[in-house]
Amino acid sequence: MSLFCKNTSTFKKGGVHPDENKITSEIATRAAALPKQVVLPLSQHIGAPAKPVVQKGDKVKVGTLIAEAGGFVSAPIFSSVSGTVVKVDTAWDASGYKRPAIYIDVEGDVWEDSIDRSEKLEKLSDHPELTSEEIVNRVRANGVVGMGGACFPTSIKLTPPPTAKATCVIINGVECEPYITADYRLMMEHPDEILVGVELLMKAVNVNEGYIGIETNKPKAIALLENKAKAYSNIKIVPLDCKYPQGGEKQLVDAVIHREVPAPPAIPVNVGAVVQNVGTAYAVYQAVMKNKPLFERYVTVTGKQLHAPGNFLVRMGTPFSQLIEACGGLPEGDNKILAGGPMMGKAVTTTDVTVVKGTNSVTVLTNTDAKRKEAQNCIRCGKCVSACPMGLEPYLLAQLSSLKDWERAEKEDIPSCIECGSCQFTCPAHRPLLDNIRMGKGTVMGIIRERAAAAKAAADAAKAKEEKK
Ligand code: SF4
Ligand code: SF4
């Protein structure tokens, strides 16, 4: 019997309630048309870029390895189409930079024979060969990364450091970002595969408790998964109040198991939780049970002025322009196109940018929706402080970033900012808080990394000297 929790809960600190605008929630997912060419960036994950193992002229199939992991924190990349590699070059990505990418011209749709394309639901109980180690190996080999946007290689999260002991897996089915409905559609359309994916994740980290947190604005998904979860005694569906940014790892841990994750470098597993997105649970199912590499994903293409917004199953490397065309094309006038939703998404400078492992949405805002009001002086109202889910002082962090006072910004814990934008959303003076804090956080993180590298080099040199004696 499943353990259905009737009472809702949420995280304690801060949070806001932006308009939901989930205009695509009841639109069933359809497969996006194959593009003429895919462009697959080598950095689709946190960590080292993948290293190409193909070159111009090579023929590939859907699911062929085209780039291997470039280090311990990295992930391999697989072709999402069949065709011919035409070049390894650079391409614009959603971060606004040109980065190395593999270009493939599409020819037909021929899949690697090793991928099981059947619809048959594989159950964990039918696969005694799946040890924890084997699950992690298959997840790693198939290039699975966090699908909620963070893109951290999943296999690493499934092998926590010896100092931390996992006690549960928490699945993020919250989708609190306005407009986006890709995870909701996935839960409605593939609940069985998601539940087996949760079991696999639980087995991988040797825990017997699994939770799926879903906000109460998705009653159909809660009801469906609660019904399906009756077959799983150790997976509990947890309805959560609607509050942004509940999908943040630390906020989700607080909302679901009421434990507080300390400041960085602490991570959820330090309080026992391994957190994964619902899309990751599905990708894990496909990787482990179907030997299917991560080369396609659910993407919401949305915006109030789009003629026909929708949810799509999209091959990685498909350009945003093609998805927008499938929704009736760009509305007239100036538009702002975001990779992601309006709170955390990044504005792209060209619709040539392509879908990658972390693209959950392409959001088109008209200039009227997107236009920011002119920033006024801070009136010290403290609303940004009340809204911050990390307990930070956003007005101060933004000011320190503008002043380039990196030492003080670090002392004020700028690395803890999760870039949720709640502060900026709530500011009555329309201060560009997130923009400034994001810039400052990037610089401070760089300083911290350099300091750590210098300390490690000094320790290594001292050790080498000691060994010589
Ligand atoms: S963007 Fe950072 S500072 Fe602003 S509310 Fe979110 S966590 Fe706090
Ligand atoms: S919400 Fe805006 S005006 Fe109020 S304290 Fe923060 S930065 Fe200042």
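Quick caveat, the model's predicted, so the values are computed rather than measured.

Enquirer: Summarise the nonpolar core; cite the residues concerned and give the values.
Expert: Ile170, Val198, Leu201 and Val284 are the most contacted members of the largest nonpolar core, which has 127 residues in total. Counting residues per element, this core draws most heavily on helix α7 (residues 278–290), at nine residues. If we skip the residues at most four places from it in the chain, Leu201 touches Val169, Val274, Gln276, Ala281 and Val284.

Enquirer: Describe in detail the site of ligand 1, supporting the description with residues and values.
Expert: Around ligand 1, the structure places 17 residues, and the nearest of them are Cys388, Cys417, Cys420, Ser422 and Cys423. Secondary structure elements with two or more residues in the shell around ligand 1: α11 (394–402), α13 (422–426) and α14 (433–468). Here the shell around ligand 1 takes three residues from α14, the largest share from any one element. Residues that form the shell around ligand 1 fall into these classes: 14 nonpolar, two polar and one charged.

Enquirer: With reference to specific residues and values, describe the environment of Pro394.
Expert: If you trace the backbone, Pro394 turns up in helix α11. For Pro394, a count of 27 C-beta atoms within 10 Å gives the class buried. Here the alpha-carbon distance between Pro394 and Ser422, two residues 28 residues apart in the chain, equals 9.6 Å. Excluding anything up to four places from it in sequence, Pro394 contacts Cys384, Val385, Cys388, Cys423, Leu433 and Ile437.

Enquirer: Outline the sheet that holds strand β2 (residues 37–41), supporting the account with residue identities and numerical values.
Expert: Pairing is antiparallel in the open sheet, where four strands are placed in the order β2-β8-β7-β4. At either margin of the open sheet sits one strand with a lone partner, and together these are β2 and β4 (59–60). Relative to strand β8 (residues 98–106), strand β7 (residues 83–92) is paired through nine bridges, and the arrangement is antiparallel. Bridging from a neighbouring strand, Trp92 pairs with Lys98 of β8.

Enquirer: So what's going on with the pairing of strand β17 (residues 361–366)? Which residues, and what values?
Expert: In the case of a regular strand, side chains alternate between the two sheet surfaces. Counted residue by residue, β17 has five buried out of six residues, so it is predominantly covered. As paired strands, strand β13 (residues 296–302) and β17 are joined by three bridges and run parallel to one another. Across the sheet, the residue bridging to Thr300 is Ser361, located in β17. Relative to β17, strand β15 (residues 335–339) runs antiparallel, the two being bridged by five bridges. When the bridges of β17 are listed, Lys336 appears paired with Leu365.

Enquirer: Tell me about the packing of helix α3 (residues 182–189) against helix α5 (residues 219–228), residues and numbers included.
Expert: Between α3 and α5, the shortest axis-to-axis distance is 9 Å and the interhelical angle comes to 35°. At the point where α3 passes α5, the crossing takes the left-handed sense. Residue-level inspection shows Tyr184, Met187 and Met188 of α3 in contact with α5, the latter providing Lys220, Ala221, Leu224 and Leu225. Split into classes, the residues belonging to the contact of α3 with α5 amount to six nonpolar, no polar and one charged.

Enquirer: Please provide a residue-by-residue account of the sheet that holds strand β5 (residues 65–68), values included.
Expert: Pairing is antiparallel in the open sheet, where three strands are placed in the order β3-β5-β6. At either margin of the open sheet sits one strand with a lone partner, and together these are β3 (51–52) and β6 (77–78). Pairing between β5 and β6: two bridges, direction antiparallel. Note that in β6 the partner of Leu65 across the bridge is Phe78.

Enquirer: Report on the packing of α3 against α7, specifying residues and quantitative values.
Expert: α7 packs onto α3 with a crossing angle of 50° between their chain directions and a minimal axis gap of 9 Å. By the angle class used here, α3 and α7 are oblique. Considering how the two elements wind past one another, α3 and α7 form a crossing that is left-handed. Contact with α3, carried on its side by Asp183, Leu186 and Met187, involves Val278, Gly279 and Tyr282 of α7 and no other residues of that element.

Enquirer: Would you mind going over the environment of Ala229 in detail, with residue names and values included?
Expert: Locating Ala229 in the fold gives a position in the loop between α5 and β11 (235–240). Distance in space between the C-alpha atoms of Ala229 and Pro191 is 9.0 Å, their sequence separation being 38 residues.

Enquirer: Could you give an account of the domain arrangement of the protein, naming the residues involved and the relevant values?
Expert: Here the protein is partitioned into domain 1 (32–106), domain 2 (124–290), domain 3 (296–368) and domain 4 (383–451). Domain 3 and domain 4 are separated by 28 Å when their C-alpha centres are compared.

Enquirer: So what's going on with unusual backbone geometry? Residues and values would help.
Expert: For the bond running from Tyr244 to Pro245, omega is 0°, close enough to zero to count as cis. For Pro245, the position within the fold is in the loop between β11 and α6 (249–257). With an omega dihedral of 15°, the bond running from Pro264 to Pro265 counts as a cis peptide bond. Assignment of secondary structure puts Pro265 in the loop between α6 and β12 (273–277). Phi angles above zero are rare outside glycine, and Tyr179 is one such case at about 75°. Structurally, Tyr179 is set in the loop between β9 (168–172) and α3. Residue Asn291 is not a glycine yet carries a positive backbone phi of 50°. You can see Asn291 is positioned in the loop between α7 and β13.

Procedures and definitions
- Residues numbered from 1 in each chain as written.
- Chains lettered and ligands numbered in written order.
- Predicted model: local features only at pLDDT ≥ 70, side-chain atom pairs only at ≥ 80, totals over all residues.
- Core = buried A, V, L, I, M, F, W, Y, C linked by C-beta atoms within 7 Å.
- Buried ≥ 20, exposed ≤ 12 C-beta atoms within 10 Å, placed from the backbone.
- Helix = DSSP H or I, 4+ residues; strand = E, 2+ residues; numbered from the N terminus.
- Contact = placed C-beta atoms within 7 Å.
- Near = placed C-beta within 6 Å.
- Nonpolar A, V, L, I, M, F, W, Y, C, P; charged D, E, K, R; others polar.
- Pairing = 2+ DSSP bridges.
- Axes fitted to C-alpha atoms, helices over the stretch in contact; angles between N-to-C directions.
- Left-handed = near helix turned anticlockwise from the far one by under 90°.
- Parallel < 35°, antiparallel > 145°, perpendicular 65-115°, else oblique.
- Domains from an automatic or database assignment.

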